Structure formats: structure tokens, C-alpha cells
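# Structure assessment
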Amino acid sequence: GIRLCLGLAMGVALVTLLDLNKLTRTVLLVGSAAPIGFTVVVLTQREALDTELAASATSLSVLLGLLYIPLALLWLD
């Protein structure tokens, strides 16, 4: 949750601070609000951490991203 909210907030702050064209602004917002990557699962397995928790968090992040990224782009654009 922290990654989703903080990432989007930082993206909005950068878009507000910098004078960007529409395409660059959209790319920055999508990149900052993107779900956590699947590399998290690989890294947790490599470091012998809880891979089930990492896989669940990654899946939940991707599912939530399918909902909130389009809504955030509509709201911010």
C-alpha cells in the first residue's frame, strides 16, 4: 500500500513541479504508480525470505494496479 500511494504522490509532485508535455506527464504517472515487480518474488527466494508473502503481495499489487492506474490517469489528466 505504501508503494502504491507514495509512488503516485511522488509522481504527482514531480508532474506539478516540472512543466511536462502530456505524453511525458502520462508516462511519469504510470511509471510512478506501477505495481511492484515480479522481481520481488525472485529476490525473496534468492535471499530465503517468505516467497509466499512476496507472491501474494505482487499479485495483489498487480490486481489493484489494474483498477487504480486508469482511475488515477483520468483524475489527474
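Relevant structure appears above.
The following refers to the structure shown.

The rules behind each value
- Residues numbered from 1 in each chain as written.
- Predicted model: local features only at pLDDT ≥ 70, side-chain atom pairs only at ≥ 80, totals over all residues.
- Heavy atoms only, no water.
- Helix = DSSP H or I, 4+ residues; strand = E, 2+ residues; numbered from the N terminus.
- Buried < 20%, exposed > 50% of the residue type's maximum accessible area, 1.4 Å probe, protein only.
- Contact = heavy atoms within 4.5 Å.
- Areas by Shrake-Rupley, 256 points an atom, 1.4 Å probe, with all protein chains shown as cover.
- Patch = residues over 30% accessible without salt bridge, like charges linked within 9 Å, V, L, I, M, F, W, Y side chains within 5 Å.
- Salt bridge = Lys/Arg side-chain N within 4 Å of Asp/Glu carboxyl O.
- Expected span 1.5 Å × (residues − 1).
- Polar contact = N/O pair within 3.5 Å; in protein donor to acceptor, adjacent residues only side chain to side chain.

Helix and strand content of the protein: four helices and zero strands. Across the protein, helices and strands are ordered from the amino to the carboxyl terminus as α-α-α-α. Expressed along its principal axes, the backbone C-alpha trace of the protein runs to roughly 45 × 20 × 20 Å. Expressed as a percentage of its 77 residues, the buried residues of the protein come to 21%. In the protein, 60% of the contacts between residues at least 6 apart in sequence involve partners at least 24 apart. With the model as given, the accessible surface of the protein reaches about 5,600 Å², and the carbon-plus-sulfur share is 73%.

Side chains of Ile 2, Leu 6 and Met 10 sit close together on the surface and give an oily, nonpolar patch of about 350 Å² of accessible area. Here Leu 6 shows up in helix α1 (residues 2–17). When its relative accessible area of 49% is taken as the criterion, Leu 6 is described as partly exposed.

End to end, α1 covers 22 Å across 16 residues, agreeing with the expected 22 Å (1.5 Å per residue, within 8%). Those residues of α1 hidden inside the fold are in contact with α2 (22–33) and α4 (51–76).

Tracing the chain through its elements places Ser 32 in helix α2. Polar side-chain contacts of Ser 32 include one of 3.4 Å to the backbone oxygen of Gly 7. Among the polar contacts made by the side chain of Ser 32, one reaches the main-chain carbonyl oxygen of Leu 29 at a distance of 3.0 Å. With residues up to four places along the chain from it excluded, the contact list for Ser 32 reads Arg 3, Gly 7, Leu 8 and Gly 11.

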